[in-house]
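Here is what each chain is made of, one letter per residue.
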Amino acid sequence: MTLKTLWHRLGSPRWFYQISRPWIYVLGILALVLLVTGTVWGLVFAPMDYQQHDSFRIMYVHVPAAMVAQSAYIVMGFAGVLLLVWRMKLADMVLATVVPFGMSMTVFALVTGAVWGKPTWGAWWVWDARTTSMLVLLFLYFGLYALRQAIARPEAAARACAVLAVVGMINIPIIKYSVNFALTLHQKASFTLTEAPSMPPEMWLPLALNVLGVYCLFGANLLSRLRLEILRRERGTQWVRDLVLSGSA
Amino acid sequence: MSFDSFADFIAMGGHGFYVWFSYGASMLVVVANVVVVRRSRLRYIRELTDMARRQRNAEAVSHS
């Protein structure tokens, strides 16, 4: 299949519905294996941090959630561009279905951040660059959710959400570089592309497993939400009717 | 293993509440995301099936 035909097919929700099913199982099983291994390793076997003692173990759940919350937003930003430029149907469905997952991960990152902040910084919340920009990310998710509910015409809602998703992308580099600004208590990035982690392998390997695991979970969750959204929007079509009647939906 | 005893493991060096709260919440978020989609999918497919069956039966009646 050439790239051009793939591009055209991605415009077809029916085609996407048919090819996506096995990927949910592949990604779901990978997510389960990676998350269980990473979590047990991080919780039971990883050595204690000399400064933060055992509270550093919150990192193994906090960091992956915070990373995937931002990545989910980036996915929406790209979907927004695809929708505005090429009017791709599937792009708007992505934009609609990423919101609940991204929102839940952002809330989780903020809550575990507070729970980690209390024993480490002595406060549940500080208005520093990283925490504030993550709060802005949460408000962007709220905004995208509310905007879709508020506009009755689906095409108008799709365009408005796409514009908000694209404009909100400005917050992503702000979150990323906020820990390098002066005004922060938040520790620096655990992983960077250019340098080796500042932790020993037995400490960062479980984190890497959980990060990969949560991305697989995101993939599986996005696909299953997308497939449901496809059924909802294509409800009146013959192919959905046939699929449902054959019992293989 | 990083702990000497099970009690040690639960205590997390005095940070037990913070650590266990975070891990408990992580389980909740993951399971909720999976279960919510699964349940609404099953419910919606049942609805669609009923609708399609009714429509098929109505067509069968009008043809006879």
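Everything quoted here is computed from the prediction, not taken from an experiment.

Participant: Teacher, can you tell me more about the packing of helix H4 (residues 89–121) of chain A against helix H8 (residues 201–233) of chain A here?
Facilitator: Any two packed helices are characterised by how steeply their axes cross, that is the angle between the axes, and by the distance between the axes. Residues and elements named next belong to chain A. Between H4 and H8, whose axes approach to 9 Å, the crossing angle comes to 130°. Accordingly, the angle class assigned to the pair H4 and H8 is oblique. Handedness of the crossing formed by H4 with H8: right-handed. Counted together, Leu90, Asp92, Met93, Val94, Ala96, Thr97, Val98, Pro100, Phe101 and Met105 of H4 and Val214, Leu217, Phe218, Asn221, Leu222, Arg225, Leu226, Glu229, Ile230 and Arg233 of H8 form the full contact between these two elements. Grouping the constituent residues of the contact of H4 with H8 by class yields 14 nonpolar, two polar and four charged.

Participant: When you look at the nonpolar core in this model, what are you seeing that I'm missing?
Facilitator: Soluble globular proteins tend to pack their nonpolar side chains together in the buried interior. Among the nonpolar cores identified, the biggest contains 88 residues, and A:Tyr73, A:Met76 and A:Met105 are the most heavily contacted of them. The residues contacting A:Met76, other than those within four sequence positions of it, are A:Leu95, A:Val98, A:Val99, A:Tyr141, A:Leu144 and A:Ala165.

Participant: What's the story with the environment of A:Leu82 in this structure? I'm lost.
Facilitator: Mapping A:Leu82 onto the fold places it in helix H3 (residues 59–86). In this structure, A:Leu82 is in contact with A:Trp7, A:Arg87, A:Met88 and A:Ala91, ignoring residues within four places of it in sequence.

Participant: Please clarify how the pattern of salt bridges should be interpreted in this entry.
Facilitator: Once the charged atoms of two side chains with opposite charge are near each other, the side chains can pair. All names here are of chain A. Counted under the stated rule, the structure contains seven salt bridges over all chains. In this structure, Arg233 engages Asp92 in a salt bridge whose closest nitrogen and oxygen atoms are separated by 2.8 Å. In this pair, Arg233 sits in helix H8 while Asp92 sits in helix H4, placing the two residues 141 residues apart along the sequence. Accessibility expressed as a relative area gives 6% for Asp92, which makes it buried.

Participant: When you look at the environment of A:Thr132 in this model, what are you seeing that I'm missing?
Facilitator: Residue and element names in this part refer to chain A. One can find Thr132 in helix H5 (residues 129–150). Between the alpha carbons of Thr132 and Leu110 there is a distance of 9.9 Å; along the sequence they are 22 residues apart. Polar side-chain contacts of Thr132 include one of 2.7 Å to the backbone oxygen of Asp128.

Participant: What am I meant to see in a positive patch on the surface here?
Facilitator: Together, A:Arg232, B:Arg39, B:Arg43 and B:Arg46 line one region of the surface with positive charge. The element best represented in the positive patch is helix H2 (residues 16–63) of chain B, accounting for three residues. Summarising the element assignment, B:Arg43 is placed in helix H2.

Participant: Would you explain the layout of surface pockets in this entry?
Facilitator: If a probe as big as a water molecule is rolled over the atoms, it shows which places are left empty. Roughly 1,100 Å³ of internal volume is contained in the largest pocket. The wall of the largest pocket is formed by 40 residues, among which A:Gly28, A:Leu32, A:Leu217, B:Val30 and B:Val34 lie closest to the centre. Only helix H2 (13–45), H3, H4 and H8 of chain A together with H2 of chain B provide two or more residues apiece to the lining of the largest pocket. With 14 residues, H2(B) is the largest single contributor of residues to the lining of the largest pocket.

Participant: In this structure, what is going on with the interface of chain B and chain A? I would like to understand it.
Facilitator: Facing 33 residues of chain B, the contacting portion of chain A comprises 41 residues. Summed over both partners, the interface of chain B with chain A buries about 3,200 Å², with 70% contributed by carbon and sulfur atoms. On the chain B side of the interface with chain A, the three residues burying the most area are B:Tyr23, B:Arg41 and B:Tyr44, jointly 21% of the side's total. Between chain B and chain A we count one salt bridge in total. Our count for the chain B to chain A interface comes out at ten residue pairs in polar contact (both at pLDDT 80 or more). When residues in the side of chain B that touches chain A are grouped by element, the largest group, 26 residues, is from H2(B).

Participant: What's the story with the side chain of A:Ser178 in this structure? I'm lost.
Facilitator: All names here are of chain A. Tracing the chain through its elements places Ser178 in helix H7 (residues 171–178). Here Arg130 takes part through its side chain, which lies 3.1 Å from a polar atom of the side chain of Ser178. Beyond its immediate sequence surroundings of up to four residues, Ser178 is in contact with Ala129, Arg130, Ser133 and Thr184.

Rules used in this analysis
- Residues numbered from 1 in each chain as written.
- Chains lettered and ligands numbered in written order.
- Predicted model: local features only at pLDDT ≥ 70, side-chain atom pairs only at ≥ 80, totals over all residues.
- Heavy atoms only, no water.
- Axes fitted to C-alpha atoms, helices over the stretch in contact; angles between N-to-C directions.
- Helix = DSSP H or I, 4+ residues; strand = E, 2+ residues; numbered from the N terminus.
- Parallel < 35°, antiparallel > 145°, perpendicular 65-115°, else oblique.
- Left-handed = near helix turned anticlockwise from the far one by under 90°.
- Contact = heavy atoms within 4.5 Å.
- Nonpolar A, V, L, I, M, F, W, Y, C, P; charged D, E, K, R; others polar.
- Core = buried A, V, L, I, M, F, W, Y, C linked by side-chain atoms within 4.5 Å.
- Buried < 20%, exposed > 50% of the residue type's maximum accessible area, 1.4 Å probe, protein only.
- Salt bridge = Lys/Arg side-chain N within 4 Å of Asp/Glu carboxyl O.
- Polar contact = N/O pair within 3.5 Å; in protein donor to acceptor, adjacent residues only side chain to side chain.
- Patch = residues over 30% accessible without salt bridge, like charges linked within 9 Å, V, L, I, M, F, W, Y side chains within 5 Å.
- Areas by Shrake-Rupley, 256 points an atom, 1.4 Å probe, with all protein chains shown as cover.
- Lys, Arg positive; Asp, Glu negative; His and termini not counted.
- Charge placed at Lys NZ, Arg CZ, Asp CG, Glu CD.
- 1 Å grid on protein atoms, 1.4 Å probe; cavity = no way out; pocket = protein on both sides within 12 Å on 5 of 7 lines; lining within 4 Å.
- Points joined across faces, edges and corners; volume = space filled by probe spheres on them.
- Buried area = accessible area lost by both parts, 1.4 Å probe.

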